[in-house]
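Close look at the chain arrangement
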Amino acid sequence: MEMGKTERRNVKMGKRKASVLITSFVVATFFVIACTGWVSPSLVWAADKPPIKVGIVFPISGVMSTIALPAYKAHVLAMSEINEKGGLLGGRKFEWIVRDSMGKPENETRYCREMLVSEKVDILHAGFGSSLGLAASAVVKEAGRGLAFLEGGKTSKLRNEKFDKRVFYCEQQDVSEALGMAKALCEVGPLKDIKNPKIYFLSWDYEYGRSLFRWFVPALKKYRPGAQILESWTKVGETDYSPYLSMIASAKPDVVVTTIWGGGIPTFLKQADIYGLWDITKLFASTEVAGVEYLGEVGELFPVGTWVNVMEQPDVPGNAEQKKYWANYRKMFNGDPGAFGARNYVATYLLAKAIEDAGTLDPEKLIPALENAQINSFLGKVWMRKINHQMQTGMYWGPLLKAAPPYYRTLDKANLYWLPDSDVTFSDEEIMAIRGKK
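I will try to describe carefully the structure that is included in this document. (Residues numbered from 1 in each chain as written. Predicted model: local features only at pLDDT ≥ 70, side-chain atom pairs only at ≥ 80, totals over all residues. Heavy atoms only, no water.)

Focus: the overall build of the protein chain
So the rule is basically this: To qualify as a helix, a DSSP run of H or I must reach at least 4 residues; to qualify as a strand, a run of E must reach at least 2; elements of each kind are numbered from the N terminus. Throughout, a contact is declared for two residues whenever any of their heavy atoms are within 4.5 Å. In short, Shrake-Rupley with a 1.4 Å probe defines the accessible areas, and a residue's cover is counted only from the protein chains shown.
Across its full length, the protein chain holds 14 helices and 16 strands. Intrachain contacts of the protein chain at a sequence separation of at least 6 include 71% that bridge at least 24 residues. Accessible surface computed for the protein chain: about 18,300 Å², of which carbon and sulfur atoms make up 54%.

In C-alpha cells, the structure reads:
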C-alpha cells in the first residue's frame with residue numbers, strides 16, 4: 001500500500017531524528033578520542049555492575065588549555081588504571097563524560113548543571129581556574145547532589161567563606177602559594193640578602209591574581225618590613241605587555257613577581273626578552289610556569305636563575321613511582337604530563353581510596369571517608385584536610401638552570417626548597433574566624 005504524504009513526512013522526520021542521534025553520538029565519541037588520544041575500556045561495563053559516573057568540565061580549548069588539557073588527561077590516566085585493575089566496589093568501573101567550558105564561567109555553570117542534574121553524575125571534576133571554581137561551586141550547592149573536586153579553583157574564598165561540604169579541592173590554594181612565595185623569596189630566593197627590596201607585582205586582573213596579591217603583601221612585609229611594592233593589572237589573556245614592560249624597566253625593581261599563566265606567559269616572556277628586561281631585574285614566577293608545557297614552548301626565554309614553584313618535573317622528585325606515572329602518561333597520550341597533572345592524578349587515587357573505605361557512592365558516607373582518606377604517592381603522603389577539604393601535599397621552589405632540549409630549562413636540584421602545605425596555610429582557628437565574619 002502506498003504511503004500518504006503525512007506518513008512519508010513522518011518517516012523522513014524519524015530518519016532525520018535518528019540521524020541526529022547517531023551524529024551526536026559519533027561527534028561525542030570523537031570528541032573524547034580527540035581529547036584523550038585513547039578510547040576508554042570504561043565505555044563498556046557489565047550489566048550487573050553500574051558504572052561510577054564522572055562528569056569532567058574543563059577548559060580544554062582557549063587560553064587555559066595549555067595547562068588544563070594535560071591535567072584532564074591525568075584524571076583519565078588514573079581512572080583508566082583503576083578500571084584496568086578491576087574497578088572499585090566489587091567491579092564498578094569509571095565512566096566519564098566530558099564538556100569543554102572554554103574558560104568561560106557561563107559555560108562552566110551550564111555544563112556543571114547538566115552533569116549534576118541531567119546526567120546525574122556521581123563525581124564532578126570541574127572549576128579549573130578561580131572564576132570557574134566559583135561558578136562550579138555555586139552549581140554544586142544549588143543541585144544539592146553528587147560530590148565535586150574543583151581543580152584550579154585556587155581562591156581561598158571557596159575553602160572559607162563559601163565552603164560547601166560536597167566540594168573538595170586538589171589544587172593548591174592561593175594563601176599557601178602566596179605565603180610560600182614570600183617565604184621562598186626572602187629566605188632562600190632573590191631577596192635573601194636584600195634588606196629593603198623593591199618588588200614589581202604583575203598579574204592578570206581577576207580573582208586568582210587579586211587573591212594571591214591580598215595574601216602575598218602582608219606575608220612579604222613580615223619578612224621585609226621596608227619592602228616597596230609596585231603593582232600592575234592587565235586584562236585576562238593580554239596580548240600586548242609593552243606598556244607594563246616600560247613601567248617595570250623605569251622602576252628598576254629587584255625582582256618582578258608575575259602570576260600570569262596559561263597562554264599569557266609565552267607572550268609575556270617573548271615581549272620581555274625583546275625589551276631586554278632581564279638585564280636590569282630578576283624574574284620570580286608563580287603559578288607552576290616551570291611545567292613542561294611551558295618549558296617545551298618557551299623554555300629558552302626564561303632567564304637562567306628565574307625562581308619558580310612547581311609540583312614536579314621529569315626528574316623531580318625523581319622516585320620510581322613518578323617515573324612510572326610519566327611512562328604510563330607518555331604511553332597513553334604520546335606526550336608529557338603538565339604542571340597540574342600530578343595533583344589531579346593523585347587526587348583520583350585519593351578519591352578511589354575513599355570510595356573503597358566508604359563502600360558506597362552515597363555522599364553522606366563518602367564525604368567523611370574522604371575527610372579521613374590518606375595515601376602514599378610519588379608526591380609523598382597525601383590527605384584531605386577536614387576543615388576546608390583542601391588536599392595536602394606541598395610544593396617545590398627553586399631556580400632554573402640551562403638544560404638540553406626539549407625543555408631548555410630545569411630546576412636546580414641542588415637548591416630546591418620544599419614547602420609542605422601545612423607550613424604555609426591558615427590555622428583551623430583562623431579559618432573559623434574568617435567564616436564567622438562572612
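Overview of the pattern of salt bridges
To be explicit about the condition: Counted as salt bridges are all cases of a side-chain nitrogen of Lys or Arg within 4 Å of a carboxyl oxygen of Asp or Glu. Relative accessible area decides the class of each residue, using a 1.4 Å probe on protein chains only: under 20% of the type maximum gives buried, over 50% gives exposed, and in between gives partly exposed.
Across all of its chains, the model carries 14 salt bridges by this definition. In this structure, Arg 99 and Glu 114 form a salt bridge, with 2.8 Å as the shortest nitrogen-oxygen distance. Note that Arg 99 is positioned in strand β2 (residues 94-100) and Glu 114 in helix α3 (residues 105-118), a separation of 15 residues in sequence. On the basis of relative accessibility, which here comes to 22%, the residue Arg 99 falls in the partly exposed class.

A closer look at the packing of aromatic side chains
To be explicit about the condition: Within 6.5 Å between ring centres, the rings of Phe, Tyr and Trp (the latter by its six-membered ring) count as paired, and their orientation is classed by plane angle as stacked under 30 degrees, edge-to-face over 60, tilted in between.
One pass over the structure, following the stated rule, counts 21 aromatic pairs. When the centroid spacing of 5.8 Å and the interplanar angle of 45° are considered together, the rings of Phe 201 and Trp 233 count as tilted. In this pair, Phe 201 sits in strand β6 (residues 198-204) while Trp 233 sits in strand β7 (residues 228-234), placing the two residues 32 residues apart along the sequence. The exposure class assigned to Phe 201 is buried, which follows from its relative accessible area of 0%. The class of Trp 233 is buried, set by a relative accessible area of 15%. When the ring of Phe 213 is compared with that of Trp 233, the centres are 5.5 Å apart and the planes differ by 90°; the resulting orientation is edge-to-face. One end of the pair, Phe 213, is in helix α7 (residues 207-223); the other, Trp 233, is in strand β7, with 20 residues separating them in the sequence. Here Phe 213 and Trp 233 have matching classes, each one buried.

Considering the pairing of strand β3 (residues 123-126)
Short version of the rule: We treat two strands as partners when DSSP finds at least two bridges between them. Looking down the strands as they point away from the viewer, one classifies a crossover as right-handed if the path from the first strand across the helix to the second runs clockwise.
Burial of the side chains of β3 extends over both faces: Ile 123 and His 125 are buried on one face and Leu 124 and Ala 126 on the other. Across 3 bridges, the pairing between strand β1 (residues 52-58) and β3 is parallel. Residue pairing in the sheet places Val 54 in a bridge with Ile 123 of β3. In this sheet, strand β4 (residues 147-150) lies alongside β3 in parallel orientation, the contact comprising 4 bridges. Residue pairing across strands places Ala 126 opposite Leu 150, the latter belonging to β4. Taking the sense of rotation as the criterion, the β-α-β connection linking β3, helix α4 (residues 130-143) and β4 turns out right-handed.

Observations regarding the side chain of Asn 160
The topology assignment puts Asn 160 in the loop between α5 (156-159) and β5 (167-169). Overall, Asn 160 belongs to the buried group, its relative accessible area being 2%. Setting aside residues up to four positions removed in sequence, Asn 160 forms contacts with Phe 426, Ile 431, Ile 434 and Arg 435.

Quick look at the sheet that holds β4
The criterion, for reference: All axes here are fitted lines through C-alpha atoms, helices being fitted over the stretch that makes contact, and every angle between N-to-C directions spans 0 to 180 degrees.
Across the sheet, which stays open at both edges, the 5 strands sit in the order β2-β1-β3-β4-β5 with parallel pairing between neighbours. Edge positions in the sheet fall to β2 and β5, since each of these pairs with one other strand and no more. Averaged over neighbouring strand pairs, the angle between their axes works out to 20° when direction is ignored. Sheet strands touched by helix α13 (residues 363-372): β3, β4 and β5. Its angle to β4, the strand with the most contacts, is close to 35°.

Points about the layout of surface pockets
What counts, and what does not: A 1.4 Å probe that fits into a set of points on a 1 Å grid over the protein atoms alone but cannot get out defines a cavity; an open set with protein on both sides within 12 Å along at least five of seven lines defines a pocket, and lining residues are those with an atom within 4 Å of a point. Grid points are joined across faces, edges and corners, and a volume is the space filled by probe spheres set on the points. Side-chain classes are defined by residue name, with Ala, Val, Leu, Ile, Met, Phe, Trp, Tyr, Cys and Pro counting as nonpolar, Asp, Glu, Lys and Arg as charged, and the others, Gly among them, as polar.
Roughly 520 Å³ of volume is contained in the largest pocket. Along its surface, the largest pocket is lined by 23 residues, and Glu 81, Lys 85, Lys 324, Tyr 345 and Tyr 349 are the ones closest to its centre. Where the lining of the largest pocket is concerned, the elements lending two or more residues are α2 (65-84), α11 (320-333), α12 (341-358) and β11 (374-377). The dominant element in the lining of the largest pocket, judged by the number of residues it contributes, is α11, at 6 residues. For the lining of the largest pocket, the per-class residue count stands at 11 nonpolar, 5 polar and 7 charged.

Re the pairing of β7
Along any regular strand, the residues point their side chains to alternate faces of the sheet. Note that β6 and β7 share 7 bridges and pair parallel. From the neighbouring strand, Leu 202 faces β7, where its bridge partner is Ser 232. Crossover handedness for the path β6 to α7 to β7: right-handed.

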